[in-house]
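Per-entry structural report
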Amino acid sequence: MDYSQFLVMKQELALLVVFLLVFLYDTFMPQRAGKALPVVSTVLLLLATAAGFCSHCLGSACAGEAFAGMYATSPVITAIKSILNIGAVIVLIQSMSWTGSEHMRVRRGEFYELLLVTLFGMYLMISARHFLLFVIGLECASLPLAAMVAFNKDRYESHEAAVKYILTAVFSSAVFMMGISFVYALGGSLYFHKLYAALAAGQHSLMLTLAIAFVIAGMGFKLSLVPFHLWTADVYQGAPTPVTSYLSVISKGSAAFAFMVILAQVFGSLYSSVWEWMLYALIILTITVGNLFAMRQTDMKRFLAFSSVSQAGYIMLGIIAFNTMGMAAMMYYILVYVFSNLAAFGVIGAIENATGKVDMADYRGLSKTNPRLAFSMMLAMFSLAGIPPFAGFFSKFFIFTGAINQGSIAIYVLVLIALINTIVSLYYYLLVVKAMYISPDEPAIAGFRSTCGERVGLWITVGGVILLGIVSCVYTWLLDISFFSTMASYFV
């Protein structure tokens, strides 16, 4: 065996080193040194993230393969993993006050170790070019999340959320692997490129349509696409807030990237004849149902759960565009979504840690007692709604543009429906702003000072929401590396 091929997995090796250092620090350092574990974990992951970006600047993020083509990397894959790392670093910063609490003192190391293991699995999903490696990454990313959801052992809601999540994860994996078994029967291989060639040369059949439907359904659970979204609100509400933010952003983003890889590199030749129309239905249902249910929520975590369902529909527009611009727009959309959604969860987490309140009615008059938190939440809501000049407006603009460039009449209708839903979403996002700034009631939350980690997390996220709407070179860079990506060759 040629062990030099492990050097192709630079980001995975860096993450593995971070995991081992965190594990050794948590295991062998004295108890009084455990208070520094949140800072140590955050700094180490930040260094790994910086190394990933430096590889772009130094030109070392070249394409490569390992393990007989089962694993692949390229500049665009490196960029995708770096985007996930940015979100994970922000989650670690925002969770410092939670992990530093008394009831988390013994278990704080487990939280960081489980998070790093799930991130490693997401890396494998994105780089996999063989279904066996993909399933290994999928399970590595999914199963530890159930333990993270159940982290608040003294809360019944956390236990309930963990049971619902693990049952959903197991069922969705079974459906996904059923689809893979059908694909293997038709193509005779588990390698993506061999399946692509076999399916392109073969005849379309009912079994092939069922196989793609099973694969889309299995990934639809991970992405919370309607009608596979029913677990989302209960799990988001019951899980600890840092875990909820991680689920809503990092887990969803990695699943979207992996979904794009599978559809392009395995089923790309069947785009217009099979799965394009499946995604049309899923996107319309996901955006519309997510918006309608978000209007009815009063709990802020359930509110953002259905908001994330709707956002998943917009992310899928980048996949259905099936072109280079759509791929770049999807990466940019998820990057903006990382900052916007984590800004909202940062405010929710700060208020929950200080007061225990998570209901939307409790946010009335927040601008009078906690103006900085209210301002941060307002920017997050504006960005998620797509109001200019914030980053969310440009992310929606680019993903609509990428979809329209596909050129069919059906895609124009789909984008029109998405635009109408964007207007509808303004209503429930502005409900939060109205409660904070316009409500005539007396403030329900007294003034308090956020912890250092919460303030730093909000500075980063708010800065990202503002700067990504101004600095155009970020999207240009993503478009450039997408244009030269090997995945672009699969687009028809």
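See above for the structure.
Residues take numbers from 1 onward in each chain, read along the sequence in its written order. In view of the model being predicted, local features appear only for residues whose pLDDT reaches at least 70, and side-chain atom pairs are presented and counted only at 80 or more, with totals across whole chains, interfaces and linings using the full set of residues. Side-chain measures were taken over the full set of non-hydrogen atoms in the model, leaving aside hydrogen atoms and water.

1. Considering the overall build of the protein
How we decide: Put simply, DSSP marks the helices as runs of H or I at least four residues long and the strands as runs of E at least two long, and each gets a number from the N terminus on. With the radius of gyration taken over C-alpha atoms, the globule rule is written as 2.2 Å times the number of residues to the power 0.38. Under the convention used here, a 1.4 Å probe and the Shrake-Rupley method define accessible areas, while residue burial counts only the protein chains that appear. We count Lys and Arg on the positive side and Asp and Glu on the negative side, and we leave His and both chain ends out. One atom stands in for each charge, and that atom is NZ of Lys, CZ of Arg, CG of Asp or CD of Glu.
What the protein contains, in helices and strands, is 20 helices and 2 strands. Relative to a compact globule of 492 residues, whose C-alpha radius of gyration would be 23 Å, the protein shows 22 Å and is just as compact. Along the first, second and third principal axes, the C-alpha atoms of the protein reach 65 × 55 × 45 Å. For the protein, the exposed area adds up to about 18500 Å²; of that, 71% sits on carbon and sulfur atoms. Separation of charge centres in the protein, based on 25 positive and 21 negative side chains, amounts to 4 Å.

2. Points about the pattern of salt bridges
Just so we agree on the cut-off: We count a salt bridge whenever a side-chain nitrogen from Lys or Arg sits within 4 Å of a carboxyl oxygen from Asp or Glu. Exposure classes here rest on a 1.4 Å probe applied to the protein chains alone. A residue is buried below 20% of its type maximum, exposed above 50%, and partly exposed in between.
Overall, the coordinates contain 4 salt bridges when judged by the stated rule. Taking the shortest distance from any N to any O, the salt bridge between E12 and K81 comes out at 2.5 Å. One end of the pair, E12, is in helix α1 (residues 10-28); the other, K81, is in helix α3 (residues 75-94), with 69 residues separating them in the sequence. Across the pair, K81 and E12 agree in class, each one buried. Here K164 makes a salt bridge to D234, at a shortest N to O gap of 2.8 Å. With K164 in helix α7 (residues 156-187) and D234 in helix α10 (residues 232-238), the pair connects residues that are 70 residues apart, well separated along the chain.

3. Topic: a nonpolar patch on the surface
Stated precisely, the cut-off is as follows: A patch consists of residues whose relative accessible area exceeds 30% and which take part in no salt bridge; residues with like charges are grouped when within 9 Å of each other, and nonpolar side chains (Val, Leu, Ile, Met, Phe, Trp, Tyr) when within 5 Å.
A cluster of nonpolar side chains, namely L7, L13, L16, L20, F23, L24 and F28, defines an oily patch on the protein surface of about 660 Å² accessible area. As for its placement among the helices and strands, L16 is situated in helix α1. Judged by relative accessible area, L16 falls into the partly exposed class, the value being 38%.

4. Re the packing of helix α11 (residues 241-265) against helix α13 (residues 300-321)
The criterion, for reference: The convention used is that axes are lines fitted to C-alpha atoms, helices contributing only their stretch in contact, and that angles between N-to-C directions extend from 0 to 180 degrees. By definition in this entry, angles of less than 35 degrees are roughly parallel, angles greater than 145 are roughly antiparallel, angles of 65 to 115 are roughly perpendicular, and the rest are oblique. Take the far helix as your reference; a near helix turned counterclockwise from it by less than a right angle gives a left-handed crossing, and one turned clockwise gives a right-handed crossing. Two residues form a contact once any of their heavy atoms are found within 4.5 Å. Note on residue classes: Ala, Val, Leu, Ile, Met, Phe, Trp, Tyr, Cys and Pro are nonpolar, Asp, Glu, Lys and Arg are charged, and everything else, Gly too, is polar.
Across the interface, α11 lies against α13 with an axial gap of 11 Å and an inter-helix angle of 15 degrees. What the angle tells us is that α11 and α13 run roughly parallel. For the element pair α11 and α13, the recorded crossing hand is right-handed. Of the residues in α13, those touching α11 at T241, T244, K252, A256, F259, M260 and L263 are K301, S308, A312, I315, M316 and I319. Along the lines of polarity and charge, the residues of the contact of α11 with α13 split into 8 nonpolar, 3 polar and 2 charged.

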